[in-house]
Amino acid sequence: MNPQAKLIFALSLTLGTTLTISSNHWIMAWTGLEINTLAILPLISKSHHPRAIEAATKYFLVQAAASALVLFSSMTNAWHTGQWDITQLSHPTSCLILTVALAMKLGLVPFHFWFPEVLQGSSLIVGLLLSTLMKFPPITLLYLTSPSLKPSVLMTMAILSTALGGWMGLNQTQTRKILAFSSISHLGWMAIIIAYSPKLALLNFYLYTLMTAAVFLSLNSIKALKLSTLMTTWTKAPSLNAILLLTLLSLAGLPPLTGFLPKWLIIQELTKQEVALAATIIALLSLLGLFFYLRLAYCATITLPPHTTNHMKQWYNNKPTNTMVAVLTTMSLMLLPISPIILAVV
């Protein structure tokens, strides 16, 4: 794909995202979502591989259906209340339809089936965009409409997402699919808290984006698409591999790393809201995620000699690590001590 086309698609993605997150009117938000969908499709299918074409088709069908539901929900609300303002969503049927539409856009259970398949058919960089930037507009709409949505529906979806995201990621061997189920699991944490503390859900999303970007870019720089490839990358970039171990543990939410901060705050807030049972369940379900992060970390750094692998060792790469990877990784590991400042800003 030539640079001019890439630039046009990148600008369209920026425009679509900005339009949705800054709009007050449902039609403008819907337009932004459509621009985003149309801009990412060529990037998914640019390799012309059958799997990439299949991924683009699946993505288009799901996003088109979700956008139609967003439009239907806003029109139903406007019909009953005369309001097109995003924050004035008050009709119960509209609220339910919008919850379903945004769950489809984000890949929350039970509308998650498309996401691992689409991520598996994309490159790591496009996978990063799908896991982070493309989820920002729907999360913003969820943030703006959170007072109107039913906490019980969101909590059910959240617990199911965390359970299925952890459960289905256990036996995967492809790094992109593992990160897709990781994303579904993290979305569960955002969905459970958004009705009680929307700002905390956004903070969780920002930190998740930070850590996921660090993992995707690290995997992209060592070109690891499968666990078997990951086992041999310690010869290629030993320092990056060692740091990848810590980034994965941060994504799992282990203290004293950055990933522990949102989980700690969410469990604290849920306990304050007297839903300690949900907090206990979601905390226990995150152990499933911890298992497959540890498995990734084990493959990346601990399968050293005398453990033998039946794969060719890779040549040592003497190139310096990408600055972006270094900055994101550092932030993924070391933001916990400055959590009071982060909370003051948020």
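Calculation criteria
- Residues numbered from 1 in each chain as written.
- Predicted model: local features only at pLDDT ≥ 70, side-chain atom pairs only at ≥ 80, totals over all residues.
- Heavy atoms only, no water.
- Patch = residues over 30% accessible without salt bridge, like charges linked within 9 Å, V, L, I, M, F, W, Y side chains within 5 Å.
- Areas by Shrake-Rupley, 256 points an atom, 1.4 Å probe, with all protein chains shown as cover.
- Salt bridge = Lys/Arg side-chain N within 4 Å of Asp/Glu carboxyl O.
- Helix = DSSP H or I, 4+ residues; strand = E, 2+ residues; numbered from the N terminus.
- Domains from an automatic or database assignment.
- Contact = heavy atoms within 4.5 Å.
- Buried area = accessible area lost by both parts, 1.4 Å probe.
- Polar contact = N/O pair within 3.5 Å; in protein donor to acceptor, adjacent residues only side chain to side chain.
- Nonpolar A, V, L, I, M, F, W, Y, C, P; charged D, E, K, R; others polar.
- Phe/Tyr/Trp six-rings, centres within 6.5 Å; stacked < 30°, edge-to-face > 60°.
- Buried < 20%, exposed > 50% of the residue type's maximum accessible area, 1.4 Å probe, protein only.
- Lys NZ or Arg CZ within 6 Å of the ring centre and 35° of its normal.
- Expected span 1.5 Å × (residues − 1).
- Arc of directions from axis to C-beta.

Quick notes on a nonpolar patch on the surface
There is a patch of nonpolar side chains on the surface, built from L38, F60 and L61 and spanning about 300 Å² of accessible area. Mapped onto the elements, F60 comes out in helix α3 (residues 50–81).

Thoughts on the domain arrangement of the protein
Domain assignment breaks the protein into domain 1 (1–122) and domain 2 (149–345). Taking only C-alpha atoms into account, the centre of domain 1 sits 24 Å from that of domain 2. Each side of the interface is counted separately: domain 1 has 18 residues, and domain 2 has 20 residues. Carbon and sulfur atoms make up 76% of the surface buried where domain 1 meets domain 2, a total of about 1600 Å² over both sides. Between domain 1 and domain 2 we count 1 salt bridge in total. The salt bridge involving K177 is made with E117; its shortest N-O contact spans 3.4 Å. For the interface between domain 1 and domain 2, the tally reads 5 residue pairs in polar contact (both at pLDDT 80 or more). Among the elements of the structure, α4 (92–106) and α5 (114–120) are those that each provide at least two residues to the side of domain 1 that touches domain 2. Residues belonging to the side of domain 1 that touches domain 2 are distributed by class as follows: 12 nonpolar, 5 polar and 1 charged.

A word on the packing of aromatic side chains
Evaluated as defined, the whole model comprises 8 aromatic pairs. Plain terms: the ring middles of W114 and F115 are 5.4 Å apart, the flat faces sit at 75° to each other, and that makes the pair edge-to-face. Assessed through its relative accessible area of 0%, F115 is described here as buried. Aromatic rings pair up to connect F136, F205, Y206 and Y208 into one cluster. In this structure, K135 is placed above the aromatic ring of F115, and the distance from its NZ or CZ to the ring centre is 3.6 Å. Of note, K263 hangs over the ring of W189, and the distance from its end group to the ring centre comes to 5.1 Å.

A look at helix α15 (residues 323–334)
Counting along an α-helix, one turn takes 3.6 residues, and residues three or four places apart therefore face a common direction. The terminal C-alpha atoms of α15, which comprises 12 residues, lie 17 Å apart, in line with the 16 Å expected from a rise of 1.5 Å per residue. Along α15, the residues that are buried comprise V325, L328, T329, S332 and L333. Looking straight down α15, one finds its buried side chains confined to an arc of 130°; they lie on one side. In α15, the exposed positions that point more than 90 degrees away from the buried face belong to T323 and M334. Against the buried residues of α15 lie α10 (198–221) and α12 (238–252).

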